[in-house]
Amino acid sequence: PKNDFEIVVPQEDDEGNEVEMEDDAHTFIEDQADVDQLTEEEFRKAREAEFRLRSQSCASSLELGPSLTDLQRARSLSREKWRLCSTMTVWKRPRLLKWDDLRKGKSLKRNGSFIMKADIGDICPSIPIKAIDLLAAEMEVVKRGMAHGDISLEAYTQVLYLPSQARYNRATLASKKDRIESHEKRLEQNRAHMCKEAKRAGKIEKKLKILTGGYQSRAQAQIKQIHDLEDQIEQSRLEMSTFEFLKNQETDAIPQRLLSIQEDVDRQMKREKELQELFYKLSLELEELKSPPYLSRPSPND
């Protein structure tokens, strides 16, 4: 194969001037990614504003439950509204459905026409807040009326699970055999949890060892270097303290040594003076002995 290229000169207009694009406010083209991001952000804000006006199950991504009251009168009054809210919640949040129902489209097909015909209208933002306050007040009334309080830690210690009866019962009413079986069952459960967590921890440790093996070896080498440096620093500190102690001892001993040396010098000078005088006397006596008797003796001041 050959690399054949053909060079083509761009064509110019009749006047010989090249066409250039003028820069103005209308030539800027916005990036498509920015446009998509802005569109998604607006859509997300609109959905959040809509969910705030719907039921708490829809806003909190919770599964829907059955009606909360068993009274016939309240049920007949709230049936239509409950069906409408539940259907709207499932329609707006299809991921709350089971996968089989969502795949077959049962709920959407069954309630699609009902949603289209229903006129749910716009909800005032203050209505959900008032509803939450009413629910909280009702919960407090029920809590006080049925004497429901916070469960203390002692309440859990007074309840035992009986494997033979497959239910919970008070510890005071259980026999010794039931207590032993309950504790054995709890021990087996704890042992099973420990084995499960040990396997999970082993897998995590193995994964971490693979991910951080190089860092661990490098850290061990650096730790060894740090220990060696600490030993050297400790040895140097010990030597420095020893020499500082010797320096202080020598500094304190200098005045005493100077005094002792000065005393030795004074003593030696005194002895030298005495010896000089003795030498002079002996020299005179020697001269007298060597000189003739008729010569006069020289005086010490001559």
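Everything in this summary refers to the structure shown in the same document. None of the values given here were measured: they were computed from a predicted structure.

**Remarks on the overall build of the protein**
Next up, step 1: Counting secondary structure elements, the protein contains eight helices and two strands.
Next up, step 2: Counting helices and strands in the order they occur from the N terminus, the protein gives α-α-α-α-α-α-α-β-β-α.
Next up, step 3: Out of the 302 residues belonging to the protein, those deemed buried represent 8%.
Next up, step 4: Pairs at least 24 apart in sequence give 44% of the contacts found in the protein among residues at least 6 apart.
Next up, step 5: Roughly 28200 Å² of accessible area belongs to the protein as shown, and the carbon and sulfur atoms make up 56% of that amount.

**Points about the side chain of Asp-178**
Next up, step 1: Examined against the element boundaries, Asp-178 turns out to sit in helix H8 (residues 176-290).
Next up, step 2: Comment: no salt bridge for buried Asp-178; closest opposite-charge side chain is Lys-177, at 6.7 Å.
Next up, step 3: Within the structure, the side chain of Asp-178 is placed 3.1 Å from the side chain of Ser-175, a separation counted as a polar contact.

**Brief notes about unusual backbone geometry**
Next up, step 1: Of note, the phi angle at Ala-166 is positive, near 55 degrees, even though the residue is not glycine.
Next up, step 2: Position of Ala-166 among the secondary structure elements: in the loop between strand S1 (159-162) and strand S2 (167-170).
Next up, step 3: By relative accessible area, Ala-166 is classed as exposed at 54%.

**Observations concerning helix H6 (residues 126-145)**
Next up, step 1: The end-to-end C-alpha distance of H6, which contains 20 residues, comes to 29 Å, matching closely the 28 Å that a straight helix rising 1.5 Å per residue would cover.
Next up, step 2: Looking at the residues trailing H6, positive phi occurs at Ala-147, about 60 degrees.

**A word on a nonpolar patch on the surface**
Next up, step 1: Together, Ile-204, Leu-208 and Leu-211 line one region of the surface with nonpolar side chains, adding up to about 270 Å² of accessible area.
Next up, step 2: Position of Leu-208 among the secondary structure elements: in helix H8.
Next up, step 3: By relative accessible area, Leu-208 is classed as partly exposed at 43%.

**Things to note about the side chain of Ser-182**
Next up, step 1: Examined against the element boundaries, Ser-182 turns out to sit in helix H8.
Next up, step 2: For Ser-182, a relative accessible area of 4% gives the class buried.
Next up, step 3: With sequence-adjacent residues up to four places away left out, Ser-182 is seen in contact with Leu-160, Tyr-161 and Pro-163.

**Section: the pattern of salt bridges**
Next up, step 1: Counted by the stated rule, this structure contains five salt bridges.
Next up, step 2: The partner of Arg-200 in a salt bridge is Glu-197, and the shortest N-O contact between them spans 3.7 Å. On the criterion of helical spacing, the pair formed by Arg-200 and Glu-197 is a turn pair, its members being three residues apart in helix H8.
Next up, step 3: On the basis of relative accessibility, which here comes to 51%, the residue Arg-200 falls in the exposed class.
Next up, step 4: Glu-197 gets classed as partly exposed once you look at its relative accessible area, which sits at 44%.
Next up, step 5: Among the salt bridges present, the one from Glu-234 reaches Arg-237, with a minimum N-O distance of 3.0 Å. Placement of the pair is Glu-234 and Arg-237 together in helix H8, with a separation of three residues, close to one helical turn.

Each value, and the rule that gives it
- Residues numbered from 1 in each chain as written.
- Predicted model: local features only at pLDDT ≥ 70, side-chain atom pairs only at ≥ 80, totals over all residues.
- Heavy atoms only, no water.
- Helix = DSSP H or I, 4+ residues; strand = E, 2+ residues; numbered from the N terminus.
- Buried < 20%, exposed > 50% of the residue type's maximum accessible area, 1.4 Å probe, protein only.
- Contact = heavy atoms within 4.5 Å.
- Areas by Shrake-Rupley, 256 points an atom, 1.4 Å probe, with all protein chains shown as cover.
- Lys, Arg positive; Asp, Glu negative; His and termini not counted.
- Salt bridge = Lys/Arg side-chain N within 4 Å of Asp/Glu carboxyl O.
- Polar contact = N/O pair within 3.5 Å; in protein donor to acceptor, adjacent residues only side chain to side chain.
- Expected span 1.5 Å × (residues − 1).
- Patch = residues over 30% accessible without salt bridge, like charges linked within 9 Å, V, L, I, M, F, W, Y side chains within 5 Å.

Treat this as a map of the structure, not an account of what it does.
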